[in-house]
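Listed here are the chains, written in short residue letters.
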Amino acid sequence: MIVSFDIGGSAIKGGIARSMADIVPLARRPTPKHDFAGFVAVLRDVIAEAGGKPDCLSLSIAGVVDPDTQALICANIPCIHDRRLAADLEAELGYPVLIANDADCFAMAEAMSGAGRGHRIVFGAILGTGVGGGLVADGRLVNAAGGFAGEWGHGPIIASSAGNPPVAVPAYACGCGQKGCVDTVGGARGIERLHRTLHGLEFSSEKIIDEWLKGDERAERTIDVMVDLVASPLALAINITGATIVPVGGGLSNVEPLLARLDEAVRGRILRKFGRPLVVPSQCRPEPGLIGAALLGLQYTGERNHAA
Ligand SMILES: [Zn+2]
């Protein structure tokens with residue numbers, strides 16, 4: 001039995017996994033952000049609720065494990081940031097601990113039990129508040145030992161003009177310290193930023209999308225520019241990885257006409273031609289983090305038992 005966790009800035013969700021087909025969510029609990037002992041106590045409560053002795057604990061976290069130092073980079077939960085969290089939790093709790101990035105868990109969930117089933121290479125893209133991604137090849141998470149593979153959201157790469165007809169787009173400063181990242185234009189905050197630049201309007205992404213769906217011209221312009229900016233780096237990611245499916249998660253993935261528009265733009269820019277949708281809505285809802293972490297845990301324990 002695996003106990004999996006989806007650890008976010010506001011809540012910790014737990015789950016029990018006995019097989020790919022048997023993953024049961026447990027109660028959600030608030031995340032202690034500044035108190036590591038409190039954080040460990042919450043995990044202990046979830047394990048107690050699960051009952052029995054887990055073979056391992058598997059955590060999905062909105063952060064990245066540095067593959068050189070094994071330290072977790074997780075700015076929004078200070079009490080676990082910069083810790084060698086797997087080792088610290090193993091010492092506290094006495095079980096093997098796996099840590100994976102939430103976008104990686106999303107990609108794993110989609111590859112094994114979602115829209116990516118049957119595909120060798122799955123590039124899972126997140127269009128949520130910001131932009132992220134994860135890569136699964138032959139059922140293996142490329143970042144299984146930590147790392148940055150699939151992070152197409154960062155780097156100074158967006159075009160300086162976009163849309164039809166083209167309009168100048170500034171290289172916006174990004175939280176990662178660079179300028180012109182996909183993350184600055186591709187998620188909900190990015191749509192809001194583009195709408196402000198193009199029209200001087202401070203609207204929420206929900207309002208912009210709502211107006212776009214009703215045929216508003218200004219919102220159409222914003223979406224046109226956003227899709228144009230995002231499609232090229234996503235097409236490049238597909239050319240580089242050879243992905244044959246791109247399940248999309250995050251809040252914007254619920255807007256199917258937006259994904260259809262992005263899919264059309266991306267398919268026009270990649271070398272391989274697909275006569276079917278390539279950029280598609282995710283299927284593992286509502287808990288891809290929990291499911292992906294559980295799948296990683298099951299894979300880990302299956303291989304350990306096989307080796308023993
Ligand atoms: Zn960035």
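First things first, this report covers the structure right here in the doc. (Residues numbered from 1 in each chain as written. Predicted model: local features only at pLDDT ≥ 70, side-chain atom pairs only at ≥ 80, totals over all residues. Heavy atoms only, no water.)

Quick notes on the coordination of the zinc ion
For a metal with four donors in a tetrahedral arrangement, the ideal angle between donors is 109.5 degrees, while six donors in an octahedron ideally sit at 90 or 180 degrees. Protein coordination of the zinc ion is provided by His-154 (ND1), Cys-174 (SG), Cys-176 (SG) and Cys-181 (SG), with donor distances spanning 2.0 to 2.3 Å. One chain supplies every donor for the zinc ion, spaced along it as H-x19-C-x1-C-x4-C. Of this pair, His-154 sits in the loop between strand S10 (140-141) and strand S11 (161-162) while Cys-174 sits in the loop between strand S12 (167-168) and helix H4 (183-186), and the two are 20 residues apart along the sequence. (Donors = N, O, S within 2.8 Å, 3.2 Å for Na, K, Ca; no water. Helix = DSSP H or I, 4+ residues; strand = E, 2+ residues; numbered from the N terminus.)

Some remarks on the packing of aromatic side chains
Per the stated rule, a full pass over the model turns up two aromatic pairs. Measuring from centroid to centroid gives 6.3 Å for Phe-36 and Phe-39, while their planes differ by 15°, and the two rings are stacked. Placement of both Phe-36 and Phe-39 in helix H1 (residues 36-50) is noted, with a separation of three residues, approximately one turn of the helix. The lysine or arginine in question, Arg-83, covers the ring of Phe-36, its NZ or CZ lying 3.6 Å from the ring centre. (Phe/Tyr/Trp six-rings, centres within 6.5 Å; stacked < 30°, edge-to-face > 60°. Lys NZ or Arg CZ within 6 Å of the ring centre and 35° of its normal.)

Concerning the sheet that holds strand S1 (residues 2-7)
As summarised here, the arrangement of the five strands in space is S3-S2-S1-S4-S7, forming an open sheet in which the pairing is mixed. What marks the edges here is a single partner per strand, and that holds for strand S3 (22-30) and strand S7 (97-101). On average, each strand axis in the sheet is inclined to that of its neighbour by 20°, with strand direction left out of account. Where S1 lies against strand S2 (residues 11-19), six bridges are found, and the strand directions are antiparallel. What sits directly across from Asp-6, in S2, is Lys-13. In this fold H1 packs onto S1, S2, S3 and strand S4 (56-61), with an angle of close to 140° to the strand it touches most, S3. (Pairing = 2+ DSSP bridges. Axes fitted to C-alpha atoms, helices over the stretch in contact; angles between N-to-C directions. Contact = heavy atoms within 4.5 Å.)

On their own, these measurements won't tell you what the molecule is for.
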